[in-house]
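# Reading the structure
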Amino acid sequence: LPLLQVDGVEADDVIGTLADAAEAAGMDCVISTGDKDMAQLVSDHVTLTNTMTGSDLDRAGVQKKFSVTPEQFVDFLALTGDKSDNIPGVEKCGPKTAAKWLKEWGSLDEIMAHADEVGGKIGENLRAALDQLPLSRKLATIRRDLDLDQGPAELRRSEADLSTLIEALKRYEFNSWLQELGDSEDSPQDTATDYRTITTEAELDALLERLDNAKLIAFDTETTSLDSMQAELVGLSFCVDAGHACYLPVGHDYTGAPAQLDREAVLARLKPLLEDANRPKVGQHIKYDMNVLALYGVEVRGVAFDTMLESYVFNSTGSRHDMDSLALKYLGRRTTHYEDIAGKGAKQISFNQVRIEEASHYAAEDADITLQLHEHLWPRLEKVPSLAGVLQDIEVPLIPVLARMEQHGVLIDGALLQRQSTEMAEQIMKLEKESHDAADQPFNLGSPKQLQQILFDKLGLPVIRKTPTGQPSTADDVLQELAVDYELPSLILEYRSLSKLKSTYTDRLPEQINPRTGRVHTSYHQAVAATGRLSSSDPNLQNIPVRTPLGRRIRQAFVAPEGWLIMACDYSQIELRIMAHLSGDPGLLQAFRNQVDVHQATASEVFGVPYDD
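What counts, and at which threshold
- Residues numbered from 1 in each chain as written.
- Predicted model: local features only at pLDDT ≥ 70, side-chain atom pairs only at ≥ 80, totals over all residues.
- Heavy atoms only, no water.
- Buried < 20%, exposed > 50% of the residue type's maximum accessible area, 1.4 Å probe, protein only.
- Helix = DSSP H or I, 4+ residues; strand = E, 2+ residues; numbered from the N terminus.
- Pairing = 2+ DSSP bridges.
- Contact = heavy atoms within 4.5 Å.
- Axes fitted to C-alpha atoms, helices over the stretch in contact; angles between N-to-C directions.
- Salt bridge = Lys/Arg side-chain N within 4 Å of Asp/Glu carboxyl O.
- Core = buried A, V, L, I, M, F, W, Y, C linked by side-chain atoms within 4.5 Å.
- Parallel < 35°, antiparallel > 145°, perpendicular 65-115°, else oblique.
- Left-handed = near helix turned anticlockwise from the far one by under 90°.
- Nonpolar A, V, L, I, M, F, W, Y, C, P; charged D, E, K, R; others polar.
- 1 Å grid on protein atoms, 1.4 Å probe; cavity = no way out; pocket = protein on both sides within 12 Å on 5 of 7 lines; lining within 4 Å.
- Points joined across faces, edges and corners; volume = space filled by probe spheres on them.

### Looking at the pairing of strand β1 (residues 29-32)
Burial along β1 is one-sided: Cys 29 and Ile 31 are buried, and none of Val 30 and Ser 32, which face the opposite way, are. Note: β1 against strand β2 (residues 46-50), four bridges, orientation parallel. Across the sheet, the residue bridging to Ile 31 is Leu 48, located in β2.

Listed below in structure tokens is the structure:
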């Protein structure tokens, strides 16, 4: 888009000059603005449009809105003044008075000539302003005589500079716009690919030979579930040369599916290569693929890289680290999304039901993009040895450790949790009754609206805070403050706490026990927390309550098999140790050297109280 920049004048003056030039050239001109001052530019061929309100202003519109013509509008502004533009005007002269004078005398000059005829206080104000009215008119006038380098004829849209645009969108992570560019016909289509489907023994032989000679193997699995412990293998994809990849289907079972190589036979042939620690491999979130293959007796070794972790170590807070986001960000490429081939929502089919023709491109692309991302990210990490060290010495070696932990799972006493759930249900019912008694009427404890009515309308409790919509807040911290003095907020808090424990843990955990292993299998995520800490999901086993008696009872359901123990370990005051090291503070260093309680030592120093007291 053309940019017209003129020093020493206001943008309004540039617009005014362009509008006049456009009209002189026989064009109709539309000025997009919400500024009423621009009404002076309106003519038979110049109109205003306000995109905020959706309103247009032509000559008749100006007359209707302001009761003056566009030609009189500068005089109108000079009389009424405008504080935002520092136009003084006539004191106490509003739009109606200004319009009345202009209707009677036609112009500012004539109004000034007949100033003595205006009576009352407003007449005095008009006469007092006579000396400054010419200046007010000058300040209100939009210039239309600038000497511009470009006129309307030159201000035309040119072809988009896509390479510069894409670079900017990547830099500032405008991923939705990048995706739109990826969908457009104008976007660069430098993505020639050679993707093949392996369906015969001869093709498998050729693939194994290529893999055997490869310096680095990118591979991916396609399955029936996101839960690696319950997923069935549908196919594998491989890439050893960017732009060239293949898909090996082994489990598509839709009606009319073509013949595929036998899954067990294929895995038997791939097993030596996948288990060879001397064959370097790369994947995107490769831990998932390791877990899936472990179900089939294949223990993947030789994992050298993981593109999700490369992105995470390179910039832990920079973006999401899923393949689609990374391909868009680093390769400028919109990948085929799972929804594109399997559908969305309730109509989504599992991968074994996807037609092999569509599945093949999707799966092969995954392996290809994985290799391309590695080739893009790893050289950047190598330039920062400390980051490369974090990846190679910490994150990648941790992958097989976490994979084994996930596969092994956690033993839970489901029967104990179910008994606790029954007890909680009784307590919740008791709390409901007590709450109804305290409110002197039944109501839904889970409804914020009903709770607002009971607490603030009926019982008249003080409003501590309001929601963005102006309603009294019933958030936990508000109820905690009210619970100091009132019974019902305390009951509601206890009800909420119990309900959450029941739904999150005592009800849900037994449902998550894997029927094959009799254990719960969480997923540990390396590429989520910016601090480098692991997170856990489905279920989150890092957030089991410990501070309350009920929470500690739930922890009792996490058990060890006979002859084993559960041991809990934790760093002692790790953040304070780091702070002592970084700050070199003598007091902190001394406290750690003497192995005293650092919090107690800090309190002693801050409050000037002997350590033992």
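### With respect to the side chain of Thr 370
Following the sequence through the fold, Thr 370 ends up in helix α16 (residues 356-382). A residue is classified by how much of its surface remains accessible, and Thr 370, at 1% relative accessible area, is buried. With residues near it in sequence (within four places) discarded, Thr 370 still touches Ala 218, Val 282, Gly 283, Gln 284, Thr 307 and Met 323.

### A word on the sheet that holds β1
The mixed open sheet is built from three strands, whose spatial order is β1-β2-β3. In the strand order of this sheet, the two ends are held by β1 and β3 (55-57), each with one partner. Going across the sheet, the axis of each strand differs from the next one's by a mean of 25°, ignoring polarity. In the packing of helix α1 (residues 11-24) onto the sheet, contacts are made with β1 and β2, and the angle to β1 comes to roughly 160°.

### Here's the deal with the pairing of β2
The buried fraction of β2 is high, at four of five residues. As consecutive antiparallel partners, β2 and β3 are separated by four residues, and within that stretch Gly 54 has a phi angle of approximately 75°, a positive value.

### Let's talk about the pattern of salt bridges
Once the charged atoms of two side chains with opposite charge are near each other, the side chains can pair. Tallying each qualifying case throughout the model produces 30 salt bridges. Close ionic contact of Asp 20 with Arg 144 constitutes a salt bridge, the shortest N to O distance being 3.2 Å. In this pair, Asp 20 sits in helix α1 while Arg 144 sits in the loop between α7 (133-140) and α8 (162-171), placing the two residues 124 residues apart along the sequence. Given a relative accessible area of 28%, Asp 20 falls into the partly exposed group. Using a relative accessible area of 32% as the deciding quantity, one classes Arg 144 as partly exposed. Its salt-bridge partner being Glu 299, residue Arg 301 comes within 3.5 Å of it at the nearest N-O pair. Accessibility expressed as a relative area gives 36% for Arg 301, which makes it partly exposed. What you see here is one network of salt bridges that share partners, running through Lys 36, Asp 37 and Asp 82.

### Section: the nonpolar core
Counting residues in hydrophobic clusters, the biggest one holds 51 residues, and the most contacted among them are Phe 238, Leu 248, Leu 270 and Leu 293. Core analysis: the next-biggest nonpolar cluster, separate from the first, contains 37 residues, Ala 39, Val 42, Val 90 and Leu 102 among them.

### Considering the packing of helix α13 (residues 307-314) against helix α17 (residues 385-408)
At a minimum axis separation of 10 Å, α13 and α17 run at an interaxial angle of 140°. Viewed along their axes, α13 and α17 adopt a mutual orientation that is oblique. α13 and α17 meet at a crossing whose hand is right-handed. Residues Leu 309, Glu 310, Tyr 312, Val 313 and Phe 314 of α13 touch α17, and the partners they reach there are Leu 387, Val 390, Leu 391, Glu 395 and Ile 399. The residue makeup of the contact of α13 with α17, split by class, is eight nonpolar, no polar and two charged.

### Things to note about the sheet that holds strand β5 (residues 217-223)
On the basis of which strands lie adjacent, the open sheet formed by six strands has the order β4-β7-β6-β5-β8-β9 and mixed pairing. Two strands in the sheet have a free side with no partner beyond their single neighbour: β4 (194-197) and β9 (303-306). Strand-to-strand twist in this sheet, taken as the mean axis angle between neighbours without regard to direction, amounts to 25°. As paired elements, strand β8 (residues 281-283) and β9 share three bridges and run parallel to each other. Each residue of the ladder has a partner; that of Lys 281, found in β9, is Val 303. Running at roughly 130° to strand β7 (residues 244-249), helix α10 (residues 201-212) makes contact with β4, β5, β6 (233-241) and β7 of the sheet. Contacts between α13 and the sheet are confined to β8 and β9, with β9 contributing the most and set at about 55° to the helix.

### A few points about the environment of Gly 343
Looking at the element boundaries, Gly 343 is found in the loop between α15 (338-342) and α16. Residue Gly 343 is classed as partly exposed on the basis of its relative accessible area, which comes to 24%. For the pair Gly 343 and Val 354, spaced eleven residues apart in the sequence, the C-alpha separation amounts to 9.7 Å. Ignoring sequence-local partners within four residues, the contact set of Gly 343 consists of Tyr 338 and Gln 348.

### Some thoughts on the layout of surface pockets
Computed from the structure, the second largest pocket encloses a volume of approximately 1400 Å³. Residue lining of the second largest pocket: 29 residues in total, with Met 405, Tyr 524, Leu 541, Ile 566 and Met 567 positioned closest to the centre. When contributions to the lining of the second largest pocket are tallied by element, the ones reaching two or more residues are α17 and α24 (574-583). In terms of residue count, α17 provides more of the lining of the second largest pocket than any other element does, three residues in total.

### Regarding unusual backbone geometry
Backbone torsion omega between Asp 538 and Pro 539 reads -5°, so that peptide bond is classified as cis. The topology assignment puts Pro 539 in the loop between β11 (535-537) and α23 (549-555). Here the phi dihedral of Ser 67 falls at roughly 65°; this positive angle occurs in a residue that is not glycine. By the element assignment, Ser 67 lies in the loop between α2 (59-66) and α3 (73-80). The phi dihedral of Asn 86 is positive, around 55°, even though this residue is not glycine. Topologically, Asn 86 is positioned in the loop between α3 and α4 (95-105). Residue Asn 86 is classed as exposed on the basis of its relative accessible area, which comes to 62%.

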